[in-house]
Amino acid sequence: MIAADKSRFQELLENLFRNAVEHAGAGATVTVGSLSDDTGLYIEDDGPGIAEPVRSEIFNHGYSTTADGTGYGLSIVSQIVEGHGWEIAVTTGSEGGARFEITW
């Protein structure tokens, strides 16, 4: 069970799913699961992934890799995670795409 504010957690998931579709494409596969030690969850896609040099920047307010992007989505995700006292990390997924790991 996840102890979270329902609407904020829903917004977190929506933003991560939207990010996958926008960057991995409409045909992207998104996988959600528990971390192996049951301390959180992961959300990963099978898109091109996030280059390691920019991983530290993607949660910054206003950061976007597209000309029409607002840079708010992942910033909001970070705020929701922090507001719940959790942590978030980005790494490479099992299919080479982006993998977000949220731990509590």
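These notes cover the structure that comes with them. Given the structure is predicted, the values throughout are model-derived calculations rather than measurements.

Side note on the packing of aromatic side chains
- Applying the stated rule across the entire model yields 3 aromatic pairs.
- Ring centres of phenylalanine 9 and tryptophan 86 lie 6.1 Å apart, and the angle between their planes is 90 degrees; this geometry places the pair in the edge-to-face category. One end of the pair, phenylalanine 9, is in helix α1 (residues 6–24); the other, tryptophan 86, is in the loop between α2 (73–83) and β3 (87–92), and 77 residues separate them in sequence.
- Residue phenylalanine 9 is classed as buried on the basis of its relative accessible area, which comes to 14%.
- Given the relative accessible area of 9%, tryptophan 86 is considered buried.
- Members of the aromatic cluster, connected to one another through ring pairs, are Phe9, Trp86 and Trp104.
- For the cation-ring pair, arginine 99 lies above tyrosine 42, with the distance from its terminal atom to the ring centre recorded as 3.9 Å.

Topic: the environment of valine 81
- Within the element layout of this structure, valine 81 appears in helix α2.
- Look at valine 81 and you get buried, because its relative accessible area is 1%.
- Once the C-alpha coordinates of valine 81 and isoleucine 102 are considered, the two residues, 21 residues apart in sequence, prove to be 7.6 Å apart.
- Apart from the residues within four sequence positions on either side, valine 81 is in contact with Leu12, Trp86, Glu87, Ile88 and Ile102.

Brief notes about the nonpolar core
- One finds Leu12, Leu16, Ile58, Leu74, Phe100 and Ile102 to be the most contacted residues of the largest nonpolar core, which totals 18 residues.
- At the level of elements, α1, β2 (40–45), α2 and β4 (98–103) are the ones that each hand at least two residues to this core.
- Beyond its immediate chain neighbours, meaning those up to four positions away, leucine 12 contacts Val77, Ile80, Val81 and Ile102.

Some details on the side chain of aspartate 45
- Structurally, the position occupied by aspartate 45 is in strand β2.
- Despite its burial, aspartate 45 pairs with no opposite charge, the nearest such side chain being arginine 55 at 10 Å.
- Within the local environment of aspartate 45, its side chain forms a polar contact with the backbone nitrogen of glycine 47, the two atoms lying 2.9 Å apart.
- Once residues within four sequence positions are removed from consideration, aspartate 45 is found in contact with Ala20, Ala24, Thr29, Val30, Gly97 and Ala98.

Each value, and the rule that gives it
- The residue count restarts for each chain, going from 1 along the sequence in the order it is written.
- For a predicted model such as this one, the threshold for reporting local features is a pLDDT of at least 70, and the threshold for listing and counting side-chain atom pairs is 80 or more; totals across whole chains, interfaces and linings nevertheless cover every residue.
- Computation of side-chain values covers all heavy atoms of the structure but excludes hydrogens and water.
- Geometry of aromatic contacts follows a simple scheme: Phe, Tyr and Trp rings, the Trp one being its six-membered ring, pair when their centres are within 6.5 Å, and the pair is stacked under 30 degrees between planes, edge-to-face over 60, tilted otherwise.
- Runs of E in the DSSP output that reach at least two residues are strands. Runs of H or I that reach at least four are helices, and both are numbered from the N terminus.
- When a residue's accessible area, from a 1.4 Å probe over protein chains only, is under 20% of the maximum for its type it is buried; when over 50% it is exposed; and in between it is partly exposed.
- Criterion for a charge above a ring: Arg CZ or Lys NZ at most 6 Å from the ring centre, at most 35 degrees from the ring normal.
- Contacts are assigned to residue pairs with any non-hydrogen atoms lying within 4.5 Å of each other.
- Here, nonpolar core means buried Ala, Val, Leu, Ile, Met, Phe, Trp, Tyr and Cys residues that are tied together by side-chain atoms lying within 4.5 Å of each other.
- In this charge count, Lys and Arg are treated as positive and Asp and Glu as negative; neither His nor the chain ends contribute.
- What makes a salt bridge here is a side-chain nitrogen of Lys or Arg within 4 Å of a carboxyl oxygen of Asp or Glu, nothing more.
- Distance and chemistry together define a polar contact, namely a pair of N or O atoms within 3.5 Å, with one atom able to donate a hydrogen and the other to accept it when in protein, and with adjacent residues in sequence counting only for side-chain atoms on both sides.

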